[in-house]
Amino acid sequence: MDAPAGTDALRLLAATLRAELSAAQQRLRETFERDGNSQRLLRDRARAVDAALRQLWAAAGMPRTAALVAVGGYGRGELYPASDVDLLFLTPSQLSPDTESRLEMLVGLLWDIGLDIGHSVRSVGQCVEEASRDITVETTLLEARLLAGSRRMFRELSHALATQRDPGSFFKAKRLEQDERHQRYQETPYSLEPNCKESPGGLRDLQVIQWIARASQFGSTWAELAARGLITPTESRQLHRIERFMRDTRVRLHLIARRREDRLIFDHQEALAAAFGMQATPTRRASEVFMQRYYRSAKMITQLNTILLQNISAALFPSDDTVVQPINARFQSSRELLDVVSEDVFEHTPSALLECFTLLQTHRELKGMTARTLRGLWRARRLIDAKFRRDPQNRMLFLSLFQQTRGLVHEIRRMNQYGILGRYLPAFGRIVGQMQHDLFHVYTVDQHILQVMRNVRRFTMAEHAHEYPLLSRLITAFERRWLLYLSALFHDIAKGRGGDHSQLGMRDARLFCMQHGIAADDADLVVFLVEHHLSMSSVAQKQDLSDPDTIRAFAALVRTERRLTALYILTHADIRGTSPKVWNAWRGKLLEDLYFSTLRVLQGESPGASGTPDRQEEARHLLRYFGLREGIENEFWARLDTVYFMRHEADEIAWHTRMLYFQANASTPVVKARPNQVGDGLQVMVYAPDQPDLFMRLCGFFGRLGYSIADAKIHTTTDRHALDSFILLDPNRHLNSRDMIALIETGLAERLQNQTLAEQPVTGRLSREVRHFPITPEVLIKPDERKQHHIMHVTAADRPGLLYSVARVLAAHHINLHTAKITTLGDRVEDVFLVSGAELEKSTTLIRLEQELLGELAIL
C-alpha cells in the first residue's frame, strides 16, 4: 500500500483537477459546436475524467488489492456533458480501517473536483451476488472497465460474471424491464415533452439491444449484428444514423440546459432546433420541425427494436421442431407469430397489407408479427395508393378491423407504427407527429386520437367496469359499438388545417362513410359525433345545468337517446385522453348530470320534472334520516327562493339546512366544510350577512391555502344573507382534508366576522406551457335571453391567483356575481360567470370593464 499524499497536497491536487476538468469541458463544448461530432465529445470527456480519477487514486494511496472500475455508460466510454460518473470500488471481502478511511477521503475528493459521483463499494463475491438478484446491477457491470488498481481482481470479477450470466434469462429480464418502462411513459414516444433517453423510441431502447447482444456474445456494434444476420445492412445503417441523431440531441440538450436534463421540455425545443440549424416554415415553428424529426426517429427505433428483439429471441431460444401452421395462402403461424409465406406476399397481393391486421384480431394464439412480416409491411406501405383505397375488398377489410370483438387498439397502433394507417387515410397521415399547443393536450394529435380509441375500448372490458360502471353499462347495451371507435378515429383528424376542425372532420367522416357503404343511420351518427364532439363538454362545464332552457336546448341538439349515449361515451373518452391532469371526478359529475337531465327530456319528461318539488322532498327525506323532526326546515327554507332549489342538489340542500336551521338569524358568519361528495377536494358553505367584496375575499382566502375553485354558487337570501357554496380542489394533492376543514371553518369565519381586507393569493411559477405557448385572453359579456343578467365568458392561460384578479375587477365595478362555472383544462381556463350590475347596462362602462379584465388576464 502506498502512502497517501498529505492533506494540503490532496486539496491542491483536487483544485487543480477541478480547474482542468472545467477547462476540458469548455474545450469539448467549443469543439463540438464546430464539428458536431457528439461521439468524440462523449469519448474525450470520459478520457479526461479517466485521467483525473487515476491521479486521485494514486494520490490517495489506495491498496494494490483494490480496483477502481468504471460502470454503466461511463464504463462504455460514453460520458454526456452532465451525466453522473458511475464507479465501482472493487475491494477484498474484508476492509481494513485504513482502507475504509482512504475510501471515504477519495469519495470526498471526487466530489471536490466537481463530478457527480454514483458509487458502490463491493467485493467480487458481493458483485456476483447482487448481479444474480438485480438485473440493473447485472446490466451496469456488463460494461465494466478497469480504471486503476488490481488487474487480477478485475479479471476475477469479469470471469465470475461471465460464468454466471445466462443470456436467456438476461434477455427475458431486459424485455420485461423495457415493457415496464414503456408503460411508465404511456407506451408512446409521442408526448409533447418526451424523454429522449427513457421514453419509448429513445436511446434506452437502443441500449437494451446492445446490452442483450453483448450478454449473448452476438456483437457490440450494429455492423456485427448485421454480420450475424440479426438485421440487414440497410437497417444497420439506419440504426447508426438514428443513434447519432439521438446522441446529438441528448448532448445538445445537456449543453443548453447546463445540467442533466433528458426531457425535451418546451423551454429547450426552440434552442435545440436552432442548434440543429432548423428554421421555421410558413405553417410550423422551428421547434415543431425539430420535434417531427425526433418523432420520426423514435418511430424508427421502436420498429427496429421490435425486429431485433424478435430475431435475438429466435437465436437464443431455437426450436428444431417449430411447427409452421398454414393460415391461408398468404400467411402462416410460426412460433406464435404471424408470418408471410414468402417475402413478396404484399407485392403480389397488396390487400394483404390490411388482411394481416384482421388475422391478428381473429387468431387469439398470435402474439405479433415475425420480423420479415414487419419488414415487408414497411417496405410495401407505398403500395397503398388511390387505386388501393378505391378497391371494395380493401374498404371491406379496413372496416372489418373496427367490427372485430378484440384487438382493435393494438392493431390500429401497429398500423400507425408501420405507416399503414396514414397511407390508407391520408387525412390521418397529415396529423402523425403533429404537435398541439393548447395548454391541455400532452400528446401529438395522432396519439391523442389513439388514446381516445383506447378509452372507448376500455369501457367495454370487464376488468375496467369497476372504474367506469355507468359507461360500461351504457356501452354494453349500445348496438354496433364499432361506430364509436370510428367516430373516435375521426374526431380530431382535421386539426391543423385551419378552420373549425369539427366541421372539416365531419366532412371527412361523411365521405368515409359513403365510400365504405355504411348505412345511412349509422353514417349520420358518426358524422354527428365528429361534428359535435366538443358540445357536451362545453354545455356541462360552461352553462347552468339547473336552467331548464339549457337542458331543452341540448336535448334538441342530440334529438335521440342513442345519440346522447354515444356523445356521452365519446366525450368522456376524449377528455380522459387529453392529459392525466385534465380529468377529475367533478368534471365527470357535470357530464353525468347533463346526461341524465337530457335523458329525462328525451323520454318525455319536462326539464323541471326532477326540479324544485322533487328536490325539496328528497332533501326532507334526508333530514328525517338525520333525525330532524318534520317541519324544522320550514323557517329556513322560507328565506330561499326557487333559484336556490334549482341550483342545488338535494344532498346540498339537506346539508345546508342541517347546519343552518337553528342559526338562520345569526349575525355572525357560519362556515362549514366537508369532504367533496364526488371525488377529491372539499365542499365549503359560507353563510353570513352580506358584505362588500365577499367573493373576492373568499377567492383570496382559498387561494392562499393552495386550493383552486372548481365551482361556485352565489346566493342571497330574502333577508340579505349570503349563502355561497364552493367546490375546492387541491391541484397538488398535498393538503390534509381533516386539518384543512378545521382551518377553513375557524379561520374564514374569523376573517369574515372582522371583515378583514382581501388577501392576495400566493403567487407561483407559471408552467412551461404557459410561458412558451401563451394564449390571447378573451372576455365576452352579453345579456342572457331574459335580459335579467349578463353572462361573462373568460378564456385565458391559467396562473395562480387568476380568479382572485377577476373578482377584484368585478368588485371595483360593483358587479354582483350569481354563479361561477370554473373550467380548467390543463393550463387553460374557460370560466363562465352569471353577473349583474348597473355598469353592465352602459356600453361605455361595459367596454371599460372588459378592458380592465383583459389587462388583468394578460399580466404574466
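Structure's up top.
## Some words on helix H26 (residues 520-531)
Helix length check: H26, at 12 residues, gives a terminal C-alpha distance of 16 Å against a target of 16 Å (1.5 Å per residue), a fit within 8%. Every buried residue of H26 is accounted for by Asp522, Ala523, Leu525, Val526, Val527, Phe528, Leu529 and Val530. Here the buried face of H26 lies against helix H24 (482-490), helix H25 (501-515), helix H28 (548-558) and helix H29 (561-576).

## Focus on unusual backbone geometry
The phi torsion at aspartate 693 lies on the positive side, around 55°, for a residue other than glycine. Secondary-structure assignment places aspartate 693 in the loop between strand S9 (682-689) and helix H35 (694-705). For aspartate 693, a relative accessible area of 35% gives the class partly exposed. Even without being a glycine, histidine 814 presents a positive backbone phi close to 60°. Mapped onto the secondary structure, histidine 814 falls in the loop between helix H38 (802-812) and strand S14 (816-821).

## Observations regarding the sheet that holds strand S6 (residues 331-334)
One open sheet accounts for 3 strands, arranged S5-S6-S7; its pairing is antiparallel. Because the sheet does not close on itself, it has two edges, and the strands there are strand S5 (325-326) and strand S7 (337-340). Bridging between S5 and S6 involves 2 bridges; their strand directions are antiparallel. By the bridge assignment for S6, proline 326 is matched with glutamine 332.

## Brief notes about empty space enclosed by the protein
Overall, the coordinates contain 2 cavities of 30 Å³ or more when judged by the stated rule. Every residue lining the largest cavity is listed: Arg697, Leu698, Phe701, Leu748, Arg751, Leu752, Thr756, Leu757, Ala758 and Glu759. Within the residue set of the lining of the largest cavity, elements represented by two or more residues are H35 and helix H36 (737-753). Residues that form the lining of the largest cavity fall into these classes: 6 nonpolar, 1 polar and 3 charged. Each pocket or cavity is described by its volume, and for the second largest cavity that value is around 40 Å³. Along the walls of the second largest cavity sit Glu652, Trp655, His656, Gln683, Val684, Asp711, Lys713, Ser725, Phe726 and Ile727, which together make up its complete lining. Elements supplying a minimum of two residues to the lining of the second largest cavity: helix H34 (650-660), S9, strand S10 (708-716) and strand S11 (721-729). For the lining of the second largest cavity, the class distribution of residues is 4 nonpolar, 3 polar and 3 charged.

The rules behind each value
Residues numbered from 1 in each chain as written. Predicted model: local features only at pLDDT ≥ 70, side-chain atom pairs only at ≥ 80, totals over all residues. Heavy atoms only, no water. Helix = DSSP H or I, 4+ residues; strand = E, 2+ residues; numbered from the N terminus. Expected span 1.5 Å × (residues − 1). Buried < 20%, exposed > 50% of the residue type's maximum accessible area, 1.4 Å probe, protein only. Contact = heavy atoms within 4.5 Å. Pairing = 2+ DSSP bridges. 1 Å grid on protein atoms, 1.4 Å probe; cavity = no way out; pocket = protein on both sides within 12 Å on 5 of 7 lines; lining within 4 Å. Points joined across faces, edges and corners; volume = space filled by probe spheres on them. Nonpolar A, V, L, I, M, F, W, Y, C, P; charged D, E, K, R; others polar.

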